[in-house]
Every structure is written in structure tokens, then in C-alpha cells.
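Survey of secondary and tertiary structure
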Amino acid sequence: MRLDRILSNRPRFSRRTASQVIADGKVTVDGKVCRDPRIDVSRFMSVSLENELLQQPDTAHYLMLNKPVGYLSATKDHNHRTVLDLIAPALRFDLHIGGRLDRASSGLLILTNDGVWSRRLTEPKVKIPKVYRVTTALPITDDSIARFAEGIWFAYEGLTTSPASLLRLSCDEALVTIYEGRYHQVKRMFHAVGNRVLTLHRQSMGDIRLDGMLEPGQSRKLTSDEIACNHSG
Ligand code: URA
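Here the structure is a predicted model, which means the values were calculated and not measured.

Check the secondary structure of the chain and you find seven helices and 15 strands. Each principal axis of the C-alpha distribution contributes one length, and for the chain these read about 70 × 40 × 35 Å. Taken across its 233 residues, the chain has 43% of its residues classed as buried. In the chain, the share of contacts with a sequence separation of at least 24, taken over all contacts with a separation of at least 6, comes to 58%. If you sum the accessible surface of the chain, you get close to 12,600 Å²; carbon and sulfur atoms cover 51% of it. Here the chain contributes 33 positively and 26 negatively charged side chains, and the mean placements of these two sets differ by 4 Å.

We now examine the pattern of salt bridges. The tally for this structure, following the rule as stated, stands at 14 salt bridges. One salt bridge connects Asp-102 with Lys-187, and the closest N-O pair in it is separated by 2.6 Å. With a gap of 85 residues between them, Asp-102 in the loop between β6 (96–98) and β7 (106–112) and Lys-187 in helix α6 (residues 185–192) connect regions that are remote in the sequence. Linking Lys-125 and Glu-123 is a salt bridge whose minimum nitrogen-to-oxygen distance equals 3.5 Å.

Once that is clear, we can look at the domain arrangement of the chain. Taken domain by domain, the chain holds domain 1 (3–55) and domain 2 (62–227). In this structure, domain 1 and domain 2 have C-alpha centres spaced 39 Å apart.

Here we take up the pairing of strand β12 (residues 173–178). In terms of residue burial, β12 counts as a mostly covered element, since five of its six residues are buried. Pairing of strand β8 (residues 130–136) with β12, which is carried by six bridges, proceeds in the antiparallel orientation. Bridge pairing links Arg-133 to Leu-175 in β12. Bridge count for strand β11 (residues 165–170) against β12 is five bridges, and the pairing is antiparallel. Paired with Arg-168 across the bridge in β12 is Ala-174. With antiparallel pairing between neighbouring strands as the criterion, β11 and β12 make up a hairpin whose turn holds two residues.

Next up on the list: the site of the ligand. Every residue near the ligand is listed here: Leu-101, Asp-102, Ser-105, Tyr-132, His-184, Gln-185, Val-186, Lys-187 and Leu-200. Contact distances for the ligand include 2.8 Å between an oxygen atom and a backbone N or O atom of Asp-102. One of the side-chain nitrogen or oxygen atoms of Ser-105 is found 3.5 Å away from an oxygen atom of the ligand. Protein coverage of the free-state accessible area of the ligand, which is 240 Å², stands at 96%. Given that more than half its atoms are within 2 Å of the pocket grid, the ligand belongs to the largest pocket. Considering each element in turn, the shell around the ligand owes the most residues, three residues, to α6. The residue inventory of the shell around the ligand, partitioned by class, reads four nonpolar, three polar and two charged.

Nonpolar side chains tend toward joint burial in soluble globular proteins. Ranked by internal contacts, the top residues of the largest apolar core, which has 29 residues, are Leu-111, Val-134, Phe-148, Val-176, Val-186 and Phe-190. Contributing elements (two or more residues each) for this core: β5 (62–67), β7, β8, β12, α6 and β13 (197–205). Counting 14 residues, the second largest nonpolar core, distinct from the first, contains Leu-7, Val-21, Ile-22 and Leu-54.

Right, let's talk about the side chain of Thr-112 for a bit. Along the chain, the position of Thr-112 falls in strand β7. Setting aside its immediate chain neighbours within four residues, Thr-112 contacts His-61, Tyr-62, Asp-94, Leu-95, His-96, Trp-117 and Ser-118.

This paragraph deals with the packing of aromatic side chains. Counting across every chain of the model gives two aromatic pairs. Positioned above the aromatic ring of Phe-154, the side-chain terminus of Arg-188 is 4.0 Å from the ring centre.

The complete set of buried residues in helix α7 (residues 224–231) reads Glu-226, Ile-227 and Asn-230. All buried residues of α7 project into a common sector of 100 degrees when viewed along the axis, lining one side. Along α7, the residues that are exposed and aim more than 90 degrees away from the buried face are Ser-224 and Asp-225.

Parameters and conventions
- Residues numbered from 1 in each chain as written.
- Predicted model: local features only at pLDDT ≥ 70, side-chain atom pairs only at ≥ 80, totals over all residues.
- Heavy atoms only, no water.
- Helix = DSSP H or I, 4+ residues; strand = E, 2+ residues; numbered from the N terminus.
- Buried < 20%, exposed > 50% of the residue type's maximum accessible area, 1.4 Å probe, protein only.
- Contact = heavy atoms within 4.5 Å.
- Areas by Shrake-Rupley, 256 points an atom, 1.4 Å probe, with all protein chains shown as cover.
- Lys, Arg positive; Asp, Glu negative; His and termini not counted.
- Charge placed at Lys NZ, Arg CZ, Asp CG, Glu CD.
- Salt bridge = Lys/Arg side-chain N within 4 Å of Asp/Glu carboxyl O.
- Domains from an automatic or database assignment.
- Pairing = 2+ DSSP bridges.
- Near = heavy atom within 4 Å.
- Polar contact = N/O pair within 3.5 Å; in protein donor to acceptor, adjacent residues only side chain to side chain.
- 1 Å grid on protein atoms, 1.4 Å probe; cavity = no way out; pocket = protein on both sides within 12 Å on 5 of 7 lines; lining within 4 Å.
- Sits in = over half its atoms within 2 Å of the grid points.
- Nonpolar A, V, L, I, M, F, W, Y, C, P; charged D, E, K, R; others polar.
- Core = buried A, V, L, I, M, F, W, Y, C linked by side-chain atoms within 4.5 Å.
- Phe/Tyr/Trp six-rings, centres within 6.5 Å; stacked < 30°, edge-to-face > 60°.
- Lys NZ or Arg CZ within 6 Å of the ring centre and 35° of its normal.
- Arc of directions from axis to C-beta.

What follows is the structure, encoded as C-alpha cells:
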């Protein structure tokens with residue numbers, strides 16, 4: 001919410017008087033004077049007017065989960081187990097998923113209550129690399145590697161995917177790096193080149209990596225460095 005709105009939501013300030021006290025340097029955001037009334041302030045920041053706390057910051061939560069196959073990337077479902085069932089009730093808060101995985105896929109899943117942060121991680125235009133280990137039904141051809149690098153036409157969205165890298169590990173196993181995260185993107189890219197994904201496991205999103213310490217179904221809090229790498233883009 002804009003800083004002036006946080007003040008003018010209170011009956012004693014109009015939009016104009018709110019802007020004035022901000023311009024006068026009387027308002028601090030996270031302890032620092034802020035003179036710009038238009039700045040966006042998240043619910044995780046504190047706002048004070050002189051010594052009066054106007055906005056108490058909410059606590060932001062950031063978790064990674066090693067998603068096992070068979071769990072739905074959703075917070076609620078009537079028919080299937082969801083990834084939230086794997087999180088201790090005391091840690092669930094108002095978490096949402098940053099970058100879903102299909103039910104049949106496994107690997108790195110991020111859960112957070114910070115929508116601005118998770119959007120930066122998942123928005124196609126931000127181009128964060130996401131690395132998947134895949135096994136395929138048919139051998140991975142040189143032509144597929146070239147097609148992934150060129151980008152694949154997705155008729156449904158009417159777009160060509162960003163260049164992706166396909167690093168062959170064996171004839172039917174590869175590391176795929178994509179920069180978007182569209183619906184079933186990796187499976188659809190293989191389908192487009194006449195192949196089929198059998199298993200798909202996400203290893204990393206940007207600088208956030210499953211470190212081999214988490215068994216399927218286990219989760220942990222992100223470190224401050226992992227959180228910060230996405231804050232700085
Ligand atoms: N691409 C897919 O096809 N599935 C996923 O779960 C993630 C990326």
C-alpha cells in the first residue's frame with residue numbers, strides 16, 4: 001500500500017495532510033525517514049509517525065520443501081493430499097506456493113506468505129533460471145537440444161518460450177534449464193519435439209537449491225541469503 005494511504009486511512013489525516021507530514025520527514029519506514037508519499041510499503045514493514053507505531057509489521061515466512069511425487073501443489077483439495085499436509089501445522093500460516101509442480105513431479109517447492117517476493121521468483125518476465133532433472137521415454141536427440149535453444153512455439157499462449165538449455169546426462173536423462181515456468185512447460189516442450197517426460201525433479205530456482213539434505217517430504221526455512229538473493233533480483 002502507498003505510504004500516504006497508510007496514514008490517510010486514519011481519520012485524523014486527509015491525503016494532503018498525510019503527504020505533508022511525510023514530506024516533513026516525520027514518518028519512518030523500517031526505522032528510516034521516508035519523504036516520498038507514493039512509495040509502496042509492504043505489510044512486512046513497520047511504519048511510525050514520530051514515536052507512534054502506525055503499522056506493525058507482519059512476519060514473513062519462507063520455506064523450501066522437497067516435494068514428493070503424488071502431492072498436489074495446492075494449499076487445499078478435497079481429493080488429494082496437498083503439499084501443505086507436509087508442513088507442520090504451526091508453520092503453515094497463510095502460505096502460498098511460489099512456482100507449482102505437477103502432482104507427478106518432485107523436487108524444490110517454495111512456500112511463503114510474501115506475495116511480492118514469490119512473484120519475482122515466478123514471473124516469466126523476470127527470467128529466473130529453473131533447473132529440472134528429467135528422464136524421458138525416448139532418446140534425447142541433438143535436434144531436441146537445438147529446438148530447446150531456439151525456443152518452442154506454444155500455440156495455446158501464442159508465444160515462443162525463451163531459449164532453454166538441455167544438457168544430456170545419458171541417452172534418456174537430462175538437465176533442463178528454463179527461464180519462465182509456464183503451465184507444464186517442460187513436459188510440453190518435450191512433447192513438442194516428439195518425446196515424453198517420465199520423471200521430472202526440480203533442483204533449483206535461481207540461487208535457491210535443494211541441497212541434498214532434505215528427504216522427500218521434508219522442509220526447512222530458507223536462510224537469509226536465500227531470501228535476499230531473490231529480494232535483490
Ligand atoms: N514443467 C512441467 O512440465 N511440470 C512441472 O511440474 C514443472 C515444469
